[in-house]
Amino acid sequence: MYQYSLFLFRQSYAEYFYFKIDLLYRFLNSDSQSTVFQQQRELVLDQVKLIDVYRLLNAHFPEEMSVDIGKQVIIMNSVGQEVKIVMNDYSMDVYAPSILEADEWFFKYIKSLHPHIFVVNFTSQDYGWMLPLSKNKLYQL
């Protein structure tokens, strides 16, 4: 089972840090519990709401999905495969057998919920933006 953590960045910070993914990874990988770090996290990230994710997925998988609201967990099952989504205040942890199942069951739908999602697999140190920035704008480094 692989774990992918998704972080929903606010637009202005996503645009500013778009090409600074190493910096974002170090920031998100920090285990600091300081108040300043928590305030920074709250400033740059949008909160994740279970009900929004549930509504989005329920439109596509009404029978294959179970929800444990108390534990903030969504589990999707089909043909012996399971994708589990654990909701945190400022992130979502997705557990899937592979990146293919994670994409098929979750990633392709979550893109419509929020445009600036940064995905991290802390175990393999893979990370990056889920969607590219709009082609209509010119960005300067």
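Located above this text is the structure these notes cover.
Note that this is a predicted model, so its numbers are computed, not measured.

Rules used in this analysis
- Residues numbered from 1 in each chain as written.
- Predicted model: local features only at pLDDT ≥ 70, side-chain atom pairs only at ≥ 80, totals over all residues.
- Heavy atoms only, no water.
- Salt bridge = Lys/Arg side-chain N within 4 Å of Asp/Glu carboxyl O.
- Helix = DSSP H or I, 4+ residues; strand = E, 2+ residues; numbered from the N terminus.
- Buried < 20%, exposed > 50% of the residue type's maximum accessible area, 1.4 Å probe, protein only.
- Pairing = 2+ DSSP bridges.
- Axes fitted to C-alpha atoms, helices over the stretch in contact; angles between N-to-C directions.
- Core = buried A, V, L, I, M, F, W, Y, C linked by side-chain atoms within 4.5 Å.
- Contact = heavy atoms within 4.5 Å.

Draft legend 1. Looking closely at the pattern of salt bridges. Under the criterion given, the structure shown has one salt bridge. Aspartate 46 serves as the salt-bridge partner of arginine 10, at 3.0 Å between the closest nitrogen and oxygen. Taken together, the residues span a long stretch of sequence, with arginine 10 in the loop between β1 (2–8) and α1 (11–17) and aspartate 46 in the loop between α3 (35–44) and α4 (50–58) at a distance of 36 residues. Residue classification places aspartate 46 among the partly exposed positions, given a relative accessible area of 24%.

Draft legend 2. Expanded view of the sheet that holds strand β6 (residues 117–121). Pairing within the open sheet is antiparallel, and its seven strands lie in the order β2-β3-β4-β5-β1-β6-β7. Unpaired on one side and paired on the other, β2 (65–68) and β7 (126–129) mark the two borders of the sheet. Averaged over neighbouring strand pairs, the angle between their axes works out to 15 degrees when direction is ignored. Pairing geometry for β2 and strand β3 (residues 73–78), over four bridges, is antiparallel. Bridge pairing in β3 places serine 66 opposite isoleucine 75.

Draft legend 3. Quick look at the pairing of β7. The pairing of β6 with β7 spans four bridges and is antiparallel. Bridge assignment links valine 120 to a residue of β7, and that residue is tyrosine 127. Here β6 folds back onto β7 in antiparallel fashion, the turn holding four residues, of which glutamine 125 has a positive phi close to 60 degrees.

Draft legend 4. Focus on the nonpolar core. In this structure, Leu6, Leu57, Met76, Met92 and Phe106 are the most contacted members of the largest nonpolar core, which totals 27 residues. Where this core is concerned, the elements lending two or more residues are β1, α4, β3, β4 (81–87), β5 (92–96), α5 (99–110) and β6. Among the elements that take part in this core, α5 stands out by supplying six residues, more than any other. When near neighbours in sequence (up to four residues on either side) are disregarded, methionine 76 contacts Leu57, Phe61, Glu64, Met65, Gln81, Glu82, Val83, Ile85, Trp105 and Phe106. With 16 residues, the next largest nonpolar core counts Phe7, Ala14, Leu28 and Val120 among its residues.

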